[in-house]
Amino acid sequence: MAQIIKYYSTNHNSEFVNFREALLQGQAPDKGLYLPDRIPKISLKTIVSMKTLSYPEIAFIVTNEFLRDEIPEDDLKKITKEAYDFDIPLENVIGKIYIMRLDQGPTASFKDFAARMMTRLIEYFIKKENKNLLISERSEESRFCERSEQVLILVATSGDTGSAVANAFYNLKNIKVVVLFPGKEVSERQRKQMTTLGKNITVLAVNGKFDDCQAMVKQAFADPELSYLNLSSANSINFGRLLPQIVYYFYAYSKLAKKGEEVIFSVPSGNFGNLMGGLIAKKMGLPVYKFIAAVNENDEFPKFLETKNYIPIKPSKVCPSSAMNVGHPSNLARLINLYGGQMDEKGKINKMPDVDLIKKDIFSVSISNDETIKTIKKVYDRYKVVLEPHGAVGWTALESFLLKEGKSFLSVCLETAHPAKFPEEIEEIIGLKIKSPKSLSGIENKKEDFKTIPADYQEFKTFLENKF
Ligand SMILES: *Cc1c(COP(=O)(O)O)cnc(C)c1O
């Protein structure tokens, strides 16, 4: 029997915890991020056998490697089956280059993959605890059992996480959600996807940047005066977010690659949670030749690989791929850790990772706003394939890598949002009216409800204390 997986903090000043605690806490008490102390392996034979399996079945095999000590197989199978009831198209564009469309979920971005599984995992653990609580109180013959575990999920969003998480938690008992978004940097459609829900979903527009929202959320976790709220995070600082994001790399590989063939994945990156999923997949045994960390004009990461000097961009730059406007990606703390270094929550590197090894696995390049727009037009003109700004950053980065290598590879470019999330922008570039998927239609006329607050932690804290 393999040893039980425990989770440690990247700041190395917190106790090891199991998955359940990592999931419900979100961030470690020392402000570090949780990582598993052992990365389980999946054999090439098992990977190849996934070719004929459905997405929920593959999701079960991959996540069970992490969860088998804490969730019975039948329960986990049920969770993956319910979470993944939508398509994951692998679209051949030219030669051996594919686009994996991760935009068919209920809120039309790849965030649905993580949100739908993570919410079910949180619900699973809370229900189990409430049941235990109920039983123990009954045995003490207390007939009025009002007490139950409640959690308040805080989520900072650059546009898509908020709606994916809100949608997945909507109307659940015992779970409340507060979403913070940068007031001026999400599209109208993205905003309405969050602000028209109501019920257990509270939405705050912050007069600031995504990085401000993220910092406020992190500060709340570390604030002992708010511990009564049972705060948890649905951002990719939560390992529960990363775990489901490992799965689609296995899925794409098993459907497209010959046994043992090495592939390239191009990942449009902001907070680097998506890329972390891929890096873990590789550590689990997936044959990946290279990950392309495609970023927009927020180029702190490619600059770091070039200079070994990490300088967060503050304030972050505004780009059409708005969900990637991140000047200091949280998950770099994990990435640096994976390569033997240590970075604290502020971005200070206390121990340099093996940058050459990082560069062996990851090619990172910054794509300008101008190139992003040109790519959307070019890819449509040439291949009649519609990309939206995030996917276009990924595509441009992939092209530049393949050109540099001068060789062809099986390549998968992740398309992280549905073009219908950016209808005006895309219509202006390629003159095409984008049809909305069912999930996005009808929100135009719904009533919005949100409050605007300054980018100030005290104000945020007071709001939470008054409301909950
Ligand atoms: C969140 C998001 C990204 C960036 O993903 P990270 O995991 O934060 O790197 C890219 N594209 C879209 C559409 C997103 O919503």
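Keep in mind the model is a prediction, meaning the values are calculated, not measured.

Engineer: Give me the packing of aromatic side chains: which residues, what numbers.
Structural biologist: To describe a pair of aromatic rings, you give the distance between the ring centres and the angle between the ring planes. Evaluation of the coordinates by the stated rule reveals 24 aromatic pairs. Each ring, one from Phe265 and one from Phe291, has its centre 6.1 Å from the other, and the planes form 20°; the classification is stacked. Of this pair, Phe265 sits in strand S9 (residues 263-268) while Phe291 sits in strand S10 (residues 288-295); the two residues are 26 residues apart in sequence, bridging distant segments of the chain. What makes Phe265 buried here is its relative accessible area of 0%. A ring pair is formed by Phe272 and Phe301, whose centres lie 4.9 Å apart and whose planes are at 65°; its orientation type is edge-to-face. With Phe272 in the loop between S9 and helix H11 (273-284) and Phe301 in helix H12 (residues 300-307), the pair connects residues that are 29 residues apart, well separated along the chain. The two residues Phe272 and Phe301 agree in class, both being buried. In textbook terms, an aromatic cluster arises when at least three aromatic residues are bridged by ring pairs, as seen for Tyr55, Tyr84, Phe86, Phe113, Tyr248, Tyr249, Tyr251, Phe265 and Phe291. Just above the ring of Tyr380 sits the side chain of Lys384; from NZ or CZ to the centre is 4.9 Å.

Engineer: I'd like a description of the site of the ligand, backed by residues and values.
Structural biologist: Taken together, 15 residues surround the ligand, and among them Lys111, Asp160, Gly270, Asn271 and Thr416 come closest. Contacts to the ligand include Gly273, whose backbone N or O atom sits 3.1 Å from an oxygen atom. Interatomic distance of 2.8 Å between a backbone N/O atom of Asn274 and an oxygen atom of the ligand. Look at the ligand: alone it shows 380 Å² of surface, and the protein chains cover 98% of it. More than half of the atoms belonging to the ligand lie within 2 Å of the grid points that define the largest cavity. Its residues placed into classes, the shell around the ligand shows 6 nonpolar, 7 polar and 2 charged.

Engineer: If you had to explain the nonpolar core to someone new, which residues and values would you point to?
Structural biologist: Core analysis: the biggest nonpolar cluster contains 104 residues, and Phe66, Ile122, Phe250, Phe265, Phe301 and Leu335 have the highest contact counts within it. With 9 residues, helix H5 (residues 111-139) is the single largest residue contributor to this core. Not counting residues up to four positions away in its chain, the partners in contact with Leu335 are Phe272, Leu275, Met276, Leu279, Phe301, Ile358 and Ile362. Counting residues in hydrophobic clusters, the runner-up holds 34 residues, among them Ala108, Ile292, Ala397 and Ala417.

Engineer: Tell me about the confidence of the model for the protein, and please be specific about residues and values.
Structural biologist: Summing up the model confidence of the protein, the mean pLDDT is 93 and the portion of residues at 70 or higher is 96%. When the criterion is pLDDT under 50, residues 140-147 qualifies, and its contacts beyond four places in sequence or with other chains add up to 5 contacts.

Engineer: Before we move on, can you summarise unusual backbone geometry with the specific residues and values?
Structural biologist: Following Lys314, the chain continues into Pro315 via a peptide bond in cis, with omega recorded as -10°. Structurally, Pro315 can be placed in the loop between H12 and helix H13 (332-338). The phi dihedral of Lys31 falls on the positive side, at around 70°, and the residue is not glycine. Following the sequence through the fold, Lys31 ends up in the loop between helix H1 (19-25) and strand S2 (34-36). A residue is classified by how much of its surface remains accessible, and Lys31, at 34% relative accessible area, is partly exposed. Not every positive phi belongs to a glycine, and Asn174 is a case in point at roughly 70°.

Engineer: Can you break down the layout of surface pockets residue by residue, with the values?
Structural biologist: What the largest pocket holds in volume is close to 540 Å³. In terms of lining, the largest pocket is formed by 21 residues, of which the most central are Asp211, Gln214, Ala215, His328 and Glu345. Examining the composition of the lining of the largest pocket, we find that 7 residues originate from one element, helix H8 (residues 210-221), more than from any other. Its residues assigned to classes, the lining of the largest pocket comprises 7 nonpolar, 5 polar and 9 charged. Approximately 380 Å³ is the volume attributed to the second largest pocket. Taken together, 19 residues line the second largest pocket, and the ones lying closest to its centre are Leu24, Gln25, Ser227, Asn230 and Leu231. Of all elements in the fold, only H1, H5 and H8 reach the threshold of two or more residues within the lining of the second largest pocket. Broken down by class, the residue content of the lining of the second largest pocket amounts to 10 nonpolar, 4 polar and 5 charged.

Each value, and the rule that gives it
Residues numbered from 1 in each chain as written. Predicted model: local features only at pLDDT ≥ 70, side-chain atom pairs only at ≥ 80, totals over all residues. Heavy atoms only, no water. Phe/Tyr/Trp six-rings, centres within 6.5 Å; stacked < 30°, edge-to-face > 60°. Helix = DSSP H or I, 4+ residues; strand = E, 2+ residues; numbered from the N terminus. Buried < 20%, exposed > 50% of the residue type's maximum accessible area, 1.4 Å probe, protein only. Lys NZ or Arg CZ within 6 Å of the ring centre and 35° of its normal. Near = heavy atom within 4 Å. Polar contact = N/O pair within 3.5 Å; in protein donor to acceptor, adjacent residues only side chain to side chain. Areas by Shrake-Rupley, 256 points an atom, 1.4 Å probe, with all protein chains shown as cover. 1 Å grid on protein atoms, 1.4 Å probe; cavity = no way out; pocket = protein on both sides within 12 Å on 5 of 7 lines; lining within 4 Å. Sits in = over half its atoms within 2 Å of the grid points. Nonpolar A, V, L, I, M, F, W, Y, C, P; charged D, E, K, R; others polar. Core = buried A, V, L, I, M, F, W, Y, C linked by side-chain atoms within 4.5 Å. Contact = heavy atoms within 4.5 Å. pLDDT = per-residue confidence, 0-100. Points joined across faces, edges and corners; volume = space filled by probe spheres on them.

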